[in-house]
Amino acid sequence: SSLPAQATQAPRSRPFVILDAAHGGSETGSVFSPTLVEKTVNLLLARRLQKELESRGIPVVLTRVADNLLTWDQRAISANTSHASLYVALHAASTGHGVRVYTAMVAPPLPGQSNRSFLPWEQAQAPYLEKSGMAAAALTAECASEGLPVRSSSAPLRPLNSVTLAAIAVEVAPMGASTDEL
């Protein structure tokens, strides 16, 4: 399958966010009920966040706008060629509660290593870890200020390790015992 046309547009003059609704197509993700799966929740969340951010003047591009499957590499390539300021992978979980914010778990860049240094695909995020950490910290602080239970950590998540811009993953879980509270 080809890359989404929306995410491969020419560079924009103003900063924007790329929202990546995880899963899609035959990859359903978590199953919350017989009629509700993670891929659907993620896409609904992406559309809702898009409306919220755009109402605040922050342009957004979605990696997928329908129920289609994108590989991890396609998602990373889409983000890397988008010229976005921030990449946010969106996930939902049936366990736990609140919000989890993740940054990539890769080795930090070596002293003197620039963004133009050759890095293995799985380590491409290394020069952007500081910016990713700043984005994660800001989101974590905002969630906490809104009274949401929030936790932040790093994890070896795909496609985060291969994204060459500030990149985080956000996983939402129900606030109570029911997935209806997502």
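Residues numbered from 1 in each chain as written. Predicted model: local features only at pLDDT ≥ 70, side-chain atom pairs only at ≥ 80, totals over all residues. Heavy atoms only, no water.

## Overview of the overall build of the chain
In step 1: Broken down by element type, the chain carries three helices and eight strands.
In step 2: Overall, the chain shows an N-to-C arrangement of helices and strands of β-β-β-α-β-α-β-β-α-β-β.
In step 3: Among the 182 residues that make up the chain, the fraction classed as buried is 44%.
In step 4: Intrachain contacts of the chain at a sequence separation of at least 6 include 77% that bridge at least 24 residues.
In step 5: When the accessible surface of the chain is summed, it comes to about 9500 Å², and 58% of that surface belongs to carbon and sulfur atoms. (Helix = DSSP H or I, 4+ residues; strand = E, 2+ residues; numbered from the N terminus. Buried < 20%, exposed > 50% of the residue type's maximum accessible area, 1.4 Å probe, protein only. Contact = heavy atoms within 4.5 Å. Areas by Shrake-Rupley, 256 points an atom, 1.4 Å probe, with all protein chains shown as cover.)

## Topic: the pairing of strand β8 (residues 166-173)
In step 1: Of all eight residues in β8, eight are buried; the element is thus mostly enclosed.
In step 2: Residues of β8 alternate between two faces, with A166, I168, V170 and V172 on one and A167, A169, E171 and A173 on the opposite face, all of them buried.
In step 3: Summarising the sheet, strand β5 (residues 86-92) and β8 pair through seven bridges and their orientation is parallel. Each bridged residue has a counterpart across the sheet, and for L90 the counterpart in β8 is V170.
In step 4: Bridge count for strand β6 (residues 98-104) against β8 is five bridges, and the pairing is antiparallel. For R100, the partnering residue across the bridge sits in β8 and is E171. (Pairing = 2+ DSSP bridges.)

## With respect to the sheet that holds β5
Adjacent strands of a sheet pair through backbone hydrogen bonds, lying either parallel or antiparallel.
In step 1: Strand order in this open sheet of six strands is β4-β1-β5-β8-β6-β7, and the pairing throughout is mixed. Every interior strand has two partners, whereas the edge strands, β4 (60-62) and β7 (150-155), have only one. Each strand axis lies, on average, 25 degrees off the axis of its neighbour in the sheet, ignoring direction.
In step 2: Each of β1 (17-21), β4, β5 and β8 is contacted by helix α1 (residues 38-55), which is oriented at about 140 degrees to β5, the strand it contacts most. (Axes fitted to C-alpha atoms, helices over the stretch in contact; angles between N-to-C directions.)

## Concerning the pattern of salt bridges
In step 1: Applying the stated rule across the entire model yields five salt bridges.
In step 2: Measuring nitrogen to oxygen at the nearest pair gives 2.9 Å for the salt bridge that ties K39 to D67. Placement of the pair is K39 in helix α1 and D67 in the loop between β4 and α2 (72-82), with a sequence separation of 28 residues.
In step 3: The salt bridge involving R56 is made with E52; its shortest N-O contact spans 2.6 Å. (Salt bridge = Lys/Arg side-chain N within 4 Å of Asp/Glu carboxyl O.)

## Regarding the nonpolar core
In step 1: Among the nonpolar cores identified, the biggest contains 22 residues, and L19, L86, V88, L90, V99, I168 and V170 are the most heavily contacted of them.
In step 2: Ignoring any residue separated from it by four or fewer positions in sequence, one finds I168 in contact with Y87, V88, A89, V101, Y102, T103, S132, A135, A136, L139 and L160.
In step 3: In this structure, A76, A89, L119 and L129 belong to the second largest nonpolar core, which totals 20 residues. (Core = buried A, V, L, I, M, F, W, Y, C linked by side-chain atoms within 4.5 Å.)

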